[in-house]
Each structure stands twice: as C-alpha cells, then as structure tokens.
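# Fold and geometry: a report
One-letter residues, chain by chain:
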Amino acid sequence: YTDWTVDGGTGSELVPELTAAATAVKGFQNTVDNGGAYSSADFKAVTDAGKPGDEGYTTTVTRTVHYTKNQATYTKGDPGDPAKNDPEGTQA
C-alpha cells in the first residue's frame, strides 16, 4: 500500500488534491469541500476496517465545489465618479 501505478507513473497519491484554483470559473467565487488528496494510506484504512465485497475493496471519494456568483454593488452617486452607478442615466 505504498506506491501504485497511476496514470503511467508510480506514487502513493491515488486521487490528486482538488483546489479552488483548479475549479475556478470567471465571475464566481468558489470553495471546495473534501478536496484533499486521497492516498494509498487512506485506502489501506478501508481495507483494514472491513471485508472485501464480491469485486474486492471499494471506496468512494466525494468532493463538492460550491459556486457563488459575484454580485456588483452599486451606489447612487456622482455621475462623474466611474466607481459609482448612475441610476439617473446622466452619464450616458
């Protein structure tokens, strides 16, 4: 349970870490739940804890990515200030 063959190479990381940066989408903030790497040591804990099924030992790695749309905040103000909204349309 140390090194496995994964994607043509060897290593103990079976499922790589999933980060917010890797799942970023323009215009959204995001967070990742349970995004850590899953290693052969994690899988060994599964085999130590139970009996194999008909197809051997299995486990599921569940990850959740939450997206929240960025919202712009506008305030009524000086039409000459580009940082503020112009609800009256006087800048047009």
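Criteria and cut-off values
- Residues numbered from 1 in each chain as written.
- Predicted model: local features only at pLDDT ≥ 70, side-chain atom pairs only at ≥ 80, totals over all residues.
- Heavy atoms only, no water.
- Buried < 20%, exposed > 50% of the residue type's maximum accessible area, 1.4 Å probe, protein only.
- Helix = DSSP H or I, 4+ residues; strand = E, 2+ residues; numbered from the N terminus.
- Arc of directions from axis to C-beta.
- Contact = heavy atoms within 4.5 Å.
- Phe/Tyr/Trp six-rings, centres within 6.5 Å; stacked < 30°, edge-to-face > 60°.
- Lys NZ or Arg CZ within 6 Å of the ring centre and 35° of its normal.
- Polar contact = N/O pair within 3.5 Å; in protein donor to acceptor, adjacent residues only side chain to side chain.
- Salt bridge = Lys/Arg side-chain N within 4 Å of Asp/Glu carboxyl O.

Let's shift gears to helix 1 (residues 40–49). Inspection of helix 1 places Ser40, Phe43 and Thr47 among the buried residues, and these make up the whole buried set. Around the axis of helix 1, the buried residues are gathered within 60° of arc, so they sit on the same side. Across from the buried face of helix 1, at angles greater than 90 degrees, the exposed residues are Ala41, Asp48 and Ala49. In this structure, the buried side of helix 1 is in contact with strand 1 (4–6), strand 3 (13–15) and strand 5 (38–39).

Another aspect to go through is the packing of aromatic side chains. Applying the stated criterion across every chain yields a total of two aromatic pairs. Centroid distance Phe28 to Tyr67: 6.3 Å. Interplanar angle 85°. Geometry classified as edge-to-face. Of this pair, Phe28 sits in strand 4 (residues 28–33) while Tyr67 sits in strand 6 (residues 64–69); the two residues are 39 residues apart in sequence, bridging distant segments of the chain. On the basis of relative accessible area, Tyr67 is assigned to the partly exposed category, the value being 39%. For the cation-ring pair, Lys69 lies above Phe28, with the distance from its terminal atom to the ring centre recorded as 5.3 Å.

With that settled, consider the environment of Arg63. On the secondary structure map, Arg63 appears in the loop between helix 1 and strand 6. Sequence spacing of Arg63 and Asn34 is 29 residues, and the spatial spacing of their C-alpha atoms is 5.3 Å. Setting aside residues up to four positions removed in sequence, Arg63 forms contacts with Val15, Pro16, Glu17, Leu18, Asp33, Asn34, Gly35, Gly36 and Ala37. A distance of 2.7 Å separates the side chain of Arg63 from the backbone oxygen of Pro16, its partner in a polar contact. A distance of 2.8 Å separates a polar atom in the side chain of Arg63 from the backbone oxygen of Gly36.

Any two side chains of opposite charge can pair, on the condition that their charged atoms come close. Within this structure, the stated rule accounts for one salt bridge. For the salt bridge of Asp48 with Lys44, the shortest nitrogen-to-oxygen distance reads 3.0 Å. Of this pair, Asp48 and Lys44 both sit in helix 1, four residues apart, which is roughly one turn of that helix. Judged by relative accessible area, which is 56%, Asp48 ranks as exposed.

Remember, this is a structural readout, not a statement about activity or role.
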